[in-house]
Amino acid sequence: METILFEPTNESLRKAADTIKNGGLVAFPTETVYGLGADAFDPDAARKAYAAKGRPSDNPLIVHIAEIDDIYRLVPKEYLSKGDEKFGTELGKKIKKLSDAFWPGPLTMVLPKLDAVPKETTGGLDTVAVRMPRSEVTLKFIKESKTLVSGPSANLSGRPSPTSWFHVKHDLDGKIDGIICGDPCEGGIESTVLNLAGDKPVILRPGLITPEMISAVLDTEVIYDAALLAKPKLDEKGNAADDPDFHPIAPGMKYKHYAPKAEMILFKGSKENTNKAILDFVKEHGKKDVFVIYEINPRTFFAQLREADEENKKFIVAAALCDDSSISFSVMNRALKAAGYHIVEV
Ligand code: TXA
Ligand code: MG
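Cut-offs used in this document
Residues numbered from 1 in each chain as written. Chains lettered and ligands numbered in written order. Predicted model: local features only at pLDDT ≥ 70, side-chain atom pairs only at ≥ 80, totals over all residues. Heavy atoms only, no water. Phe/Tyr/Trp six-rings, centres within 6.5 Å; stacked < 30°, edge-to-face > 60°. Near = heavy atom within 4 Å. Polar contact = N/O pair within 3.5 Å; in protein donor to acceptor, adjacent residues only side chain to side chain. Areas by Shrake-Rupley, 256 points an atom, 1.4 Å probe, with all protein chains shown as cover. Helix = DSSP H or I, 4+ residues; strand = E, 2+ residues; numbered from the N terminus. Nonpolar A, V, L, I, M, F, W, Y, C, P; charged D, E, K, R; others polar. Buried < 20%, exposed > 50% of the residue type's maximum accessible area, 1.4 Å probe, protein only. Contact = heavy atoms within 4.5 Å. Salt bridge = Lys/Arg side-chain N within 4 Å of Asp/Glu carboxyl O. Pairing = 2+ DSSP bridges. Axes fitted to C-alpha atoms, helices over the stretch in contact; angles between N-to-C directions.

Student: Can you lay out the packing of aromatic side chains for me, pointing to particular residues and giving the numbers?
Tutor: Evaluation of the coordinates by the stated rule reveals seven aromatic pairs. Ring pairs connect the aromatic residues Phe-267, Phe-281 and Phe-315, which therefore count as one cluster.

Dropping the structure here:
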């Protein structure tokens, strides 16, 4: 099929929205990474999205909304409203507070789902992941579609997430109906996924909205899913899906992610030691074959992994972020996966 490149004009956005309504796939910009949009209520559209990405179908999709009341189309009313009071239940109040603080923005909330949300969209789970992205263009596109738009990152499964429409075209040209060509993503790593369907708020995937930020809004403790702190055993393809001791709550965390073709090595130590280790590595293997990342920045990291592959580099070497901030933890979550947990203390 021919993949149409949609300019972000009102008329093109209407056409892109029509494509979604008709069961097609259209990639869209967000502040984190580009998403691969499909009608969230159409099981066939979800199946098509999995097929285009080559993604395992037990890995659920995030549903993108344009206004807070859209949550009522995804979550049973009794979880949200108390009598006539919208978002008046305990869960409803949490959602409202988090939405006021962080939406539109890079926070995804996992919530109990309505039957109307097909299992194909939620990977068979009885919860649904919801987020309102910060992109005027995409909010218009969702509103125009009159439905809600599920969207995994718009990369081939296992490849680095796309942070520009050009990356989407590289991976999915000919496999999807269209791409909305918006701005490059300013965040650069995927949203924080927060489970609100259990007793306590738990972060299932770390991102730029940190546990401290969420904790300050909810006035309660926010913890990481224990699997985020573990180092799983990987099979030869780099998947952790067969490690019997690794049980992340977000199914996506089991699968190989962000992998460049080049072999990636992280050096961990003082600035002086890592710089020396990187220079020694370049000397040993030759400039031509080594791509160097002196400082990992979330906004540019995935694009750099793709750049290294374009340049046919054999190795990527990078200095690990060593401070114990939550943002660094989120960035290192991606860097460690990209490097297959290959980290050398220097
Ligand atoms: O920033 C983002 O979140 C981007 C943009 C496009 O919005 N989307 C994205 O989607 O990263 P994806 O499909 O690549 O990652 C979704 C993650 C996966 O790890 C998945 O397992 C988890 O969210 N997830 C989705 N629904 C879930 C649910 N009901 N319960 C637990 N985890 C869920
Ligand atoms: Mg992804």
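Student: Just give me the short version of the site of ligand 1, but keep the residues and values in it.
Tutor: Near ligand 1 lie 27 residues; those nearest to it are Thr-32, Arg-55, His-64, Ser-191 and Gly-252. In the environment of ligand 1, an oxygen atom lies 2.9 Å from a nitrogen or oxygen atom belonging to the side chain of Arg-131. Within the backbone of Pro-251, a nitrogen or oxygen atom sits 3.4 Å from an oxygen atom of ligand 1. When ligand 1 sits alone it has 690 Å² of accessible area, and the protein chains cover 98% of it. The element contributing the most residues to the shell around ligand 1 is strand E6 (residues 127-131), with three residues. Residues that form the shell around ligand 1 fall into these classes: 14 nonpolar, nine polar and four charged.

Student: Summarise the environment of Leu-98; cite the residues concerned and give the values.
Tutor: Within the fold, Leu-98 resides in helix H3 (residues 90-102). Judged by its relative accessible area of 0%, Leu-98 is buried. Along the chain, Leu-98 and Ile-327 lie 229 residues apart, while their C-alpha atoms are 19 Å from each other. Among residues more than four places away in sequence, those in contact with Leu-98 are Trp-103, Leu-107, Met-109, Leu-194, Leu-196, Ile-214, Val-217 and Leu-218.

Student: Account for the pattern of salt bridges, with residues named and values stated.
Tutor: With the rule as written, the count across this model stands at 17 salt bridges. Of the charged contacts in the structure, one is a salt bridge between Asp-69 and Lys-86, with a shortest N-O distance of 2.8 Å. With a gap of 17 residues between them, Asp-69 in the loop between strand E4 (62-64) and H3 and Lys-86 in the loop between E4 and H3 connect regions that are remote in the sequence. The partly exposed category is assigned to Asp-69, whose relative accessible area is 34%. Here Arg-334 makes a salt bridge to Glu-190, at a shortest N to O gap of 3.0 Å. You can see Arg-334 sitting in helix H9 (residues 326-338) and its partner Glu-190 sitting in the loop between strand E8 (178-180) and strand E9 (192-195), a full 144 residues away along the chain. Since its relative accessible area comes to 4%, Glu-190 is described here as buried. In this structure, a network of salt bridges that share partners links the residues Asp-44, Arg-47 and Glu-120.

Student: With reference to specific residues and values, describe the sheet that holds E4.
Tutor: Working definition: the strands of a sheet are paired by backbone hydrogen bonds and lie parallel or antiparallel to each other. Spatially, the 11 strands line up as an open sheet ordered E1-E8-E2-E3-E7-E4-E6-E5-E9-E10-E11, and their pairing is mixed. The sheet is open, and its two edges are formed by strand E1 (4-6) and strand E11 (223-224), each paired on a single side. Contacts from helix H1 (residues 10-21) reach E1, strand E2 (26-28), strand E3 (35-39), strand E7 (149-150) and E8 within the one sheet, and its direction differs from that of E1 by about 130°. Sheet contacts for helix H5 (residues 165-172): E1, E2, E3 and E8; angle to E8, the most-contacted strand, approximately 170°.

Shape descriptors only; they carry no functional weight alone.
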